[in-house]
Amino acid sequence: MSMKRQAGFLISKIHRLSGRIFARMLKSYNIELNPAQGRIMFVLWQTDGIPIHELAERTSLGKSTLTSMLDRLQATGYIERVRSEADRRIILVRRTAKDRAAQQAYERVSQAMTDIYYCNFSESEMDQFERLLERVLNNLGAHDPSPSP
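The rules behind these values
- Residues numbered from 1 in each chain as written.
- Predicted model: local features only at pLDDT ≥ 70, side-chain atom pairs only at ≥ 80, totals over all residues.
- Heavy atoms only, no water.
- Axes fitted to C-alpha atoms, helices over the stretch in contact; angles between N-to-C directions.
- Helix = DSSP H or I, 4+ residues; strand = E, 2+ residues; numbered from the N terminus.
- Left-handed = near helix turned anticlockwise from the far one by under 90°.
- Contact = heavy atoms within 4.5 Å.
- Nonpolar A, V, L, I, M, F, W, Y, C, P; charged D, E, K, R; others polar.
- 1 Å grid on protein atoms, 1.4 Å probe; cavity = no way out; pocket = protein on both sides within 12 Å on 5 of 7 lines; lining within 4 Å.
- Points joined across faces, edges and corners; volume = space filled by probe spheres on them.
- Pairing = 2+ DSSP bridges.

A.B. asks: Help me understand the packing of helix H1 (residues 7-28) against helix H5 (residues 97-117) in this model?
C.D. replies: The packing of two helices is summarised by the inter-axis angle and the distance between the axes. Between H1 and H5, whose axes approach to 10 Å, the crossing angle comes to 145°. Here H1 runs over H5; the crossing is right-handed. Counting all contacts with H1, which are made through Ser-18, Ile-21, Phe-22, Met-25 and Leu-26, the residues of H5 involved are Tyr-106, Val-109, Ser-110, Ala-112, Met-113, Ile-116 and Tyr-117. Residues of the contact of H1 with H5, tallied by class, amount to 10 nonpolar, two polar and no charged.

A.B. asks: Hey, could you run me through the layout of surface pockets in this one?
C.D. replies: Remark: the empty space left among the atoms is shown by a probe the size of a water molecule rolled over them. What the largest pocket holds in volume is close to 1,900 Å³. As for the largest pocket, its lining consists of 38 residues, and the residues nearest its centre are Ile-14, His-15, Ser-18, Tyr-117 and Leu-133. Of all elements in the fold, only H1, helix H2 (35-46), helix H3 (52-59), H5 and helix H6 (123-141) reach the threshold of two or more residues within the lining of the largest pocket. In terms of residue count, the dominant contributor to the lining of the largest pocket is H6 (12 residues). The residue makeup of the lining of the largest pocket, split by class, is 21 nonpolar, 10 polar and seven charged.

A.B. asks: What exactly am I supposed to notice about the pairing of strand E3 (residues 91-95) here?
C.D. replies: Along a regular strand, successive side chains alternate from one face of the sheet to the other. The sheet contact formed by strand E1 (residues 50-51) and E3 spans two bridges and is antiparallel. Residue pairing across strands places Pro-51 opposite Leu-92, the latter belonging to E3. As paired elements, strand E2 (residues 79-83) and E3 share five bridges and run antiparallel to each other. Bridge pairing in E3 links Arg-81 to Val-93.

By themselves, these observations are geometric and do not establish any function.
Structure below.
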């Protein structure tokens with residue numbers, strides 16, 4: 001294989017650049033979430049009121065990182081933590097009214113990012129690109145001993 005292949009380098013650059021653009025777009029909508037916090041909220045939009053351990057699994061975030069992010073999200077009013085009525089040992093993470101109001105704007109920003117990613121791509125190119133990314137992800141996953149969601 002040629003030493004000129006740059007997939008990792010390009011993916012890293014894409015990640016950094018898209019993160020900056022996404023954060024700037026969120027700020028323009030007055031959304032106080034960074035992209036990583038948005039990942040947490042996206043999971044909660046799918047399943048509100050889930051246990052912290054399940055949220056950690058579904059976001060692939062470590063416990064200390066997730067706890068710190070949840071602290072910030074709670075301080076800014078996006079989530080609340082409540083004890084499960086079924087099992088008082090379990091803490092559930094729930095959305096708030098503030099998050100419900102921000103969700104539509106966040107989804108508009110996400111769609112705008114998708115539009116940027118796929119600008120000038122045909123439908124078949126988008127399909128092929130995503131299949132190739134899946135293969136790269138699977139290749140990497142085969143070499144990672146930690147479980148992924």
